[in-house]
Amino acid sequence: MIKGEQIYEGKAKKVFATDDPGLLIVSYKDDATAFNGLKRGTIEGKGIINNKMSNALMRMLRKRGIPTHFVEELGERDTLVKKVEIVPLEVIVRNISAGSFSKRYGVDEGLVFSEPTIEFSYKNDALGDPLINDCHALALGLVSREELEEIKRLAFEINGVLKDFWTSCGVTLVDFKLEFGRLPDGSIVLADEISPDTCRLWDSETGKKLDKDRFRRDLGGVEDAYREIMARAEQGLGEVK
Ligand code: TMP
């Protein structure tokens, strides 16, 4: 597979063309941002960890029948994926209150929900990714009703698989963000990444944060936390095999 010209650079990844028009290469960077790019930094080794972890989780989800964009890991930072048209929604699933949910509704972090909840943000940096409801997403033509239902169904199914996996690693999956894309045939697949950048992961015993909140909130030990969560995942994956 030939790594062609760079066609996009995001906050945490670069995207390259390949010699197959239906495939792209994503390359994970160590760059970290928060608060819509206002806070910037580097988390050494993050790109390597996120690439490896996201691919392992995508493989696990694929085995459970979840359609994904993942094709093949090409290198420590590079992965071959199917080219999709990204649905401009950030899909957030929560099992426990934290972050913007706690702030918006005035509740402490750590409230365990009786059932998982979901919300959408409109993926639009200029607007600061505002919260959006189903009807608004339909009114703006971001997604069809059928696609929205499929995205919700997949998101909750993914939550079930990931929650069980992280529990087996001694880690609590608090919440996470997903993105979905459309293949040329119109079908919806899981895209983007699943990593400590996009999930809240707390040690089940101590509650220690093992995710990007250490960077967002200046908690220190950021690189160590990324290494620790990767080691936990590898332990869990070893047991799954
Ligand atoms: P929030 O509580 O700040 O809305 O974040 C919910 C989840 O989404 C959390 O696991 C972190 C993740 N997330 C992203 O992946 N990208 C983002 O830009 C934001 C704001 C959150």
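Calculation rules
Sequence positions are assigned chain by chain, starting from 1 and proceeding in written order. This being a predicted model, a pLDDT of at least 70 is required before a residue's local features are given, and a value of 80 or more before pairs of side-chain atoms are given or counted; all residues contribute to the totals for chains, interfaces and linings. For the side-chain quantities, the full set of heavy atoms in the structure was used; hydrogens and water were omitted. Helical segments are the DSSP runs of H or I of at least four residues, strand segments are the runs of E of at least two, and each set is numbered from the N terminus. In a helix, the anticipated span is given by 1.5 Å times the number of residues less one. Any two strands with at least two DSSP bridges between them are considered paired. Angles run from 0 to 180 degrees between N-to-C directions of axes, and those axes are lines fitted to C-alpha atoms, restricted for helices to the stretch in contact. The criterion used for residue contact is that any of the two residues' heavy atoms lie within 4.5 Å. For this purpose, a residue is taken to be near a molecule or strand whenever a single non-hydrogen atom of the residue falls within 4 Å of it. Two N or O atoms count as a polar contact when they lie within 3.5 Å, although within protein this holds only if one can serve as hydrogen donor and the other as acceptor, and sequence-adjacent residues are included solely when both atoms are side-chain atoms. All accessible-area figures derive from a Shrake-Rupley calculation using a 1.4 Å probe, and residue coverage is judged against the displayed protein chains alone. When two cysteine sulfur atoms are found within 2.5 Å, that pair is recorded as a disulfide. Classification of residues uses two cut-offs on accessible area relative to the type maximum, computed with a 1.4 Å probe and protein chains only: under 20% is buried, over 50% is exposed, and between them is partly exposed.

Draft legend 1. Highlighting helix α1 (residues 46-63). In this model α1 runs 26 Å from its N-terminal to its C-terminal C-alpha over 18 residues, within 8% of the 26 Å that 1.5 Å per residue would give. G65 occupies a position one or two residues after α1 and carries a positive phi of about 90°.

Draft legend 2. Main features of the sheet that holds strand β2 (residues 13-17). If you trace the five strands from one edge of the open sheet to the other, you get β1-β2-β3-β7-β6, paired in antiparallel fashion. A strand with exactly one partner marks an edge of an open sheet, and here the two such strands are β1 (6-9) and β6 (70-73). The sheet shows a mean angle of 25° between the axes of neighbouring strands, taken without regard to direction. The pairing of β1 with β2 spans three bridges and is classified as antiparallel. Counted as the bridge partner of Y8 is V15 from β2. Against the sheet, α1 touches β3 (23-28), β6 and β7 (78-82), its axis set at about 130° to β6.

Draft legend 3. Inspection of the site of the ligand at higher detail. Lining the immediate surroundings of the ligand are 14 residues, of which R94, S100, D175, K177 and R200 lie closest. Residue S100 places a side-chain N or O atom 2.5 Å away from an oxygen atom belonging to the ligand. D175 places a polar side-chain atom, nitrogen or oxygen, 2.5 Å from an oxygen atom of the ligand. Isolated, the ligand exposes 450 Å² of accessible area, and the fraction of that covered by the protein chains is 76%. Contributing elements (two or more residues each) for the shell around the ligand: β9 (89-96), α2 (99-105), β12 (171-182) and β14 (199-203).

Draft legend 4. Broad picture of the state of the cysteines. Per the stated rule, a full pass over the model turns up zero disulfides. The structure places no disulfide on C169, whose sulfur is separated from the nearest cysteine sulfur, that of C199, by 12 Å. Judged by its relative accessible area of 9%, C169 is buried.

Draft legend 5. Summary view of the environment of G10. Mapped onto the secondary structure, G10 falls in the loop between β1 and β2. A relative accessible area of 17% means that G10 is categorised as buried. Between the C-alpha atom of G10 and that of D31, which follows or precedes it by 21 residues, the distance is 9.8 Å.

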